[in-house]
Amino acid sequence: MLEHGGNLHHASQQYGISLADWLDLSTGINPHGYPVPDIPTAAWQRLPETDQQLEDIAAHYYGAQHLLTTAGSQAAIQTLPRLRATCRVSFLGPMYAEHAHAWRQQGHHVSELLHLPETSELANIDVLILCNPNNPTARLIPPETLLIWHQALAQHGGWLIVDEAFMDTTPEHSVAAFSHLPCLIILRSLGKFFGLAGARIGFLLADPTLLRSAADILGPWPVTGPARIVAQAALADVSWQEQNRARLIKESQQLATLLQGSGLDTLNGCALFQWLKPDHAEDQHRQLASRGIWTRHFPAQQGLRIGLPTIEGWSKLRQALLALGLADSPQFSD
C-alpha cells in the first residue's frame, strides 16, 4: 500500500502524541470545508437516486459536456488502466503515486518523465498522465500546452489524462471544457477545495464512449445517496465557492510568507499547499512532528508539502517554528 498524507494514527504512535493534539498539514485539504447540509433520513434508507440532477450541476460547474460520477478520483484511477490493452504509459513526475501504481498493477509498461515532453516524444507514448496543478510540486502547465500534447497523442490513439484535483481555485487553467474530445480524460473531485474527502465523490470527464466503458466496470450506485446530496449542494453554491477561492488564495500567501520568514523558502505553491525543498527536509519534518505538526515528507525529492492550517492552527505552527529556531518573524499576524 502506498503512503498518503493524513496518516495521523501512524504519527501518533511514532511520536507519542495523542490524535487530538496534532495539527495535520499533510493532506492539502481545505481546512474550511463545505458545511454539510442535513441529510434526509430517506437518503440512508433508499438506493441512490439516478435522476441526473447531480450530474447536470457538476457538468455546469466544470464546464464539461459529459461526465461520470465516481467514488472519488481513486475509483477512476483504478478503472482507467482496465480500458486499454497493454501499452506504454508515462507520467510527469514527481506526482501522485496512485496513478503509476494502478497502471503497473494492470501490466502496462510505465515510465516517469522528469521534464516537459517535446511534441515529438509523444509518438512513443500511448498514455501520458499528469496532475495539474501538480501534486506535490504545484507546477501548473498552461492549457494551451496540454491541448497541443493531446492533439499529438490523439493522432495515434494515445490518451492524455489530467488529474485536476487541485484546480478549483484556478478554473481558468482547466481543460475540462475540452473533455468531450476523444483521448482527453479529466479527473475532478470534491476532496480538496470543498474539503469533502470523506464523502468519496468525484467525476470522470471524457467522451461518452469511454464513460460508458468505465460505467460498466464501476457498476450501479458507485456513490452513496448522502454523498450525492452533499455534492449537489456544494457544486451549486456559487457564493461559497467564490468566497473560499479568495480566502484560500489569501491564506496560501500568508503561509508562504510565514515559511519564508522562518528560513523555509517555498519553491512553489497553490491555494491549498506550499512545496519546499529545505537542506534537511527529513530533519525538519521530524522536528515539526515532535511539536505536533504533521507535514508530508517526500524522501525521493527531499521535499516537504505543507498545507493550510485551521484558524486555531496558525498560532500552533508559528510557535512551533519559533521554538525550533526556524522563525524570525514573531510578529506575523494570524
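Up top is the structure.
Residues numbered from 1 in each chain as written. Predicted model: local features only at pLDDT ≥ 70, side-chain atom pairs only at ≥ 80, totals over all residues. Heavy atoms only, no water.

1. Observations regarding the sheet that holds strand S10 (residues 273-276)
The four strands are arranged S9-S10-S13-S12 in an open sheet whose pairing can be described as antiparallel. Each edge of the sheet is formed by a strand with only one pairing partner; in this case those strands are strand S9 (266-270) and strand S12 (296-298). Going across the sheet, the axis of each strand differs from the next one's by a mean of 20°, ignoring polarity. Helix H9 (residues 238-261) rests against S9, S10 and strand S13 (303-307) of the sheet, and its axis sits at about 30° to S10. Running over the sheet, helix H10 (residues 281-290) touches S12 and S13 and is turned about 35° from S13. (Pairing = 2+ DSSP bridges. Helix = DSSP H or I, 4+ residues; strand = E, 2+ residues; numbered from the N terminus. Axes fitted to C-alpha atoms, helices over the stretch in contact; angles between N-to-C directions. Contact = heavy atoms within 4.5 Å.)

2. A few points about the packing of aromatic side chains
Considering all chains together, one arrives at 13 aromatic pairs under this definition. Seen from their ring centres, tryptophan 22 and tryptophan 294 are 5.7 Å apart, and the 75° between their planes marks the pair as edge-to-face. Pair noted here: tryptophan 22 is in the loop between helix H1 (8-15) and strand S1 (23-24) and tryptophan 294 is in strand S11 (residues 293-294), with a separation of 272 residues, a long-range link. For tryptophan 22, a relative accessible area of 10% translates into the label buried. Assessed through its relative accessible area of 4%, tryptophan 294 is described here as buried. With a centroid separation of 5.2 Å and 80° between ring planes, the pair formed by tyrosine 34 and tryptophan 240 is classed as edge-to-face. Of this pair, tyrosine 34 sits in the loop between S1 and helix H2 (41-45) while tryptophan 240 sits in helix H9, and the two are 206 residues apart along the sequence. Judged on exposure class, the residue tyrosine 34 and its partner tryptophan 240 are both buried. Put simply, the rings of Tyr34, Tyr61, Tyr62, Phe193, Phe194, Phe203 and Trp240 pair up and form one aromatic cluster. Its end group placed over the ring of phenylalanine 273, arginine 305 keeps NZ or CZ at 5.8 Å from the ring centre. (Phe/Tyr/Trp six-rings, centres within 6.5 Å; stacked < 30°, edge-to-face > 60°. Buried < 20%, exposed > 50% of the residue type's maximum accessible area, 1.4 Å probe, protein only. Lys NZ or Arg CZ within 6 Å of the ring centre and 35° of its normal.)

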